[in-house]
Amino acid sequence: MKKISRLWIIIPLLTLFVYSCKKEQEPMTNSMDQSLIEKSQQIIQRIEAFDTKLTGNFKSGENISVDSLVWYTEALENYNNARPDLAYENFVVSKTTYTVTLDNGNLSMEDAAALYSIMQADLETELANLDPTDDKLKLTDVALDSIEGNTAYLSVKRVIGLKLIAGTYLPFQNGVDWYWGTLNQESGYPPLGKCDGTMIGISDASDELTRKLNHPDVIPAQPYIYTDIISRTTDGFVYDSRLYVGWNYPENNCLASDTLNYYLEQSHLIINDISEGLRPPGLDFSHVSILDELVPGGEDRSWHFHFYTVSYGVKVIAGQETD
């Protein structure tokens, strides 16, 4: 390969406190949408054919467009490594950048194979550098950031699940109240905890909302992956305070359990209901992260709020049973 370079950025997202109990498993039935099965099989055939070209002796002289490179490397890494069907206590997000040299918008399959090999080595290094042995890749999102001359700049974002768990999560219980969030938590500031002064440094309201939204009550019996990843952002200014927007800045608002259950319900609807305008048609919810933010403007014109980043993709059935 003429040129492949990369830069790593690791971003801790959340420190979560998890209550778990036995998770219900949804059995596969004959009523499963046959079109989903057939579409999944077609996508898997494309992915496996690309993998065969990369690892076999069938790539000599063949070229691939940079757009196809993005789709296939994303799909193949998810197919070979990702387990979005499992639940985790926490997540970290990494970003690695690469450059590849193009010829009229294309590159050779040999160069594509070299790029993918480096991507896999980087993934192995990332997982090896994390402490728990049950950490797994949840999602890989490959994007074409720009093309300058004959150089393409790619970014690979990976969501890695920390501490594999099996649990189902009930609504916020009466009397379990949390502070709204923690400014600069992503920079290391400890979460504010519960309103009774406990759980400081462990969690806060936005962390608890994120944990619940990322852990559905039912685990599908068959593992799956995502392709065609799209991330969208939103907040309570867009959705008329259906997502948290503070009401008495600079106070750190205490959110009672009934208020948190309201935000949990509204978050679920906004994230999953296509009519809400956030979820792209034809894509399924993958995961959400919630950052704690501030709109500055003076004491009477400033607000704390929750900023949502939601990822969606094409769900592809990728196996027969969950490990």
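Each remark here, short or long, concerns the structure printed above.
These figures come from a predicted structure and were not determined experimentally.

Colleague: Explain the overall build of the chain to me, please; I cannot follow it from the model alone.
Modeller: The number of helices and strands found in the chain is 5 helices and 13 strands. Classification of the 323 residues of the chain by burial places 47% in the buried group. In the chain, 78% of the contacts between residues at least 6 apart in sequence involve partners at least 24 apart. Of the roughly 15,700 Å² of accessible surface on the chain, 49% is carried by carbon and sulfur atoms.

Colleague: So what exactly am I meant to see when it comes to the packing of aromatic side chains here?
Modeller: The geometry of two aromatic rings is summed up by the distance between their centres and the angle between their planes. As enumerated under the stated definition, the model contains 10 aromatic pairs in all. Look at Trp71 and Tyr72: their rings are 4.9 Å apart centre to centre, the planes differ by 85°, and that puts the pair in the edge-to-face class. Like Tyr72, Trp71 is buried. Here the aromatic residues Trp180, Tyr244, Trp247, Tyr262 and Tyr263 are joined through ring pairs into a cluster of three or more. The positively charged end of Lys212 is found above the aromatic ring belonging to Phe172, 4.6 Å away from the centroid.

Colleague: Just to check I follow, could you spell out the pattern of salt bridges for this structure?
Modeller: Any two side chains of opposite charge can pair, given that their charged atoms come close. Taken as a whole, this structure holds 6 salt bridges when the rule is applied. Ionic pairing is found between Glu77 and Arg158, a salt bridge with its closest N-O pair at 2.5 Å. Placement of the pair is Glu77 in helix α2 (residues 66-81) and Arg158 in strand β7 (residues 151-165), with a sequence separation of 81 residues. For Glu77, a relative accessible area of 0% gives the class buried. Residue Arg158 is classed as buried on the basis of its relative accessible area, which comes to 0%. In this structure, Arg279 and Asp284 form a salt bridge, with 3.3 Å as the shortest nitrogen-oxygen distance. Of the residues examined, Asp284 reaches a relative accessible area of 26% and is grouped as partly exposed. What you see here is one network of salt bridges that share partners, running through Glu77, Glu126 and Arg158.

Colleague: I keep staring at the packing of helix α1 (residues 34-55) against helix α3 (residues 109-128) and nothing clicks. Help me out?
Modeller: Any two packed helices are characterised by the angle at which their axes cross and by the distance between the axes. Close contact between α1 and α3 brings their axes to 9 Å; oriented N to C, the two are set at 100°. Between α1 and α3, the interaxial angle falls into the category roughly perpendicular. Contacts between α1 and α3 involve Phe50, Lys53 and Leu54 from the former and Met109, Ala112, Ala113 and Tyr116 from the latter. The residue inventory of the contact of α1 with α3, partitioned by class, reads 6 nonpolar, no polar and 1 charged.

Colleague: What exactly am I supposed to notice about the sheet that holds strand β13 (residues 303-317) here?
Modeller: Whether parallel or antiparallel, the strands of a sheet pair through hydrogen bonds between backbone atoms. Spatial strand order, β10-β13-β12: 3 strands in an open sheet with antiparallel pairing. If you trace the sheet from one side to the other, it starts and ends with β10 (224-235) and β12 (284-295), each paired once. Strand-to-strand twist across the sheet, computed as the mean angle between neighbouring axes with direction ignored, equals 15°. Summarising the sheet, β12 and β13 pair through 11 bridges and their orientation is antiparallel. The residue bridging Asp292 from the neighbouring strand is His306, located in β13. Relative to β13, α1 is tilted by about 85°, and along the sheet it contacts β10 and β13.

Colleague: Teacher, can you tell me more about helix α5 (residues 257-272) here?
Modeller: Between the first and last C-alpha of α5 there are 22 Å, a value that for 16 residues agrees with the 22 Å anticipated at 1.5 Å per step. For α5, the elements touching its buried residues are β8 (178-179), α4 (205-213), β11 (254-255), β12 and β13.

Colleague: I keep staring at unusual backbone geometry and nothing clicks. Help me out?
Modeller: Leaving glycine out, the prevailing phi sign among residues is negative, and the prevailing peptide bond configuration is trans. Cis geometry is adopted by the peptide bond preceding Pro250, which originates at Tyr249 and carries an omega value of 10°. In this fold, Pro250 is placed in the loop between β10 and β11. One non-glycine residue, Asn104, lies in the positive phi region at around 55°. With respect to the secondary-structure elements, Asn104 resides in the loop between β4 (87-101) and β5 (106-108).

Rules behind the numbers
- Residues numbered from 1 in each chain as written.
- Predicted model: local features only at pLDDT ≥ 70, side-chain atom pairs only at ≥ 80, totals over all residues.
- Heavy atoms only, no water.
- Helix = DSSP H or I, 4+ residues; strand = E, 2+ residues; numbered from the N terminus.
- Buried < 20%, exposed > 50% of the residue type's maximum accessible area, 1.4 Å probe, protein only.
- Contact = heavy atoms within 4.5 Å.
- Areas by Shrake-Rupley, 256 points an atom, 1.4 Å probe, with all protein chains shown as cover.
- Phe/Tyr/Trp six-rings, centres within 6.5 Å; stacked < 30°, edge-to-face > 60°.
- Lys NZ or Arg CZ within 6 Å of the ring centre and 35° of its normal.
- Salt bridge = Lys/Arg side-chain N within 4 Å of Asp/Glu carboxyl O.
- Axes fitted to C-alpha atoms, helices over the stretch in contact; angles between N-to-C directions.
- Parallel < 35°, antiparallel > 145°, perpendicular 65-115°, else oblique.
- Nonpolar A, V, L, I, M, F, W, Y, C, P; charged D, E, K, R; others polar.
- Pairing = 2+ DSSP bridges.
- Expected span 1.5 Å × (residues − 1).

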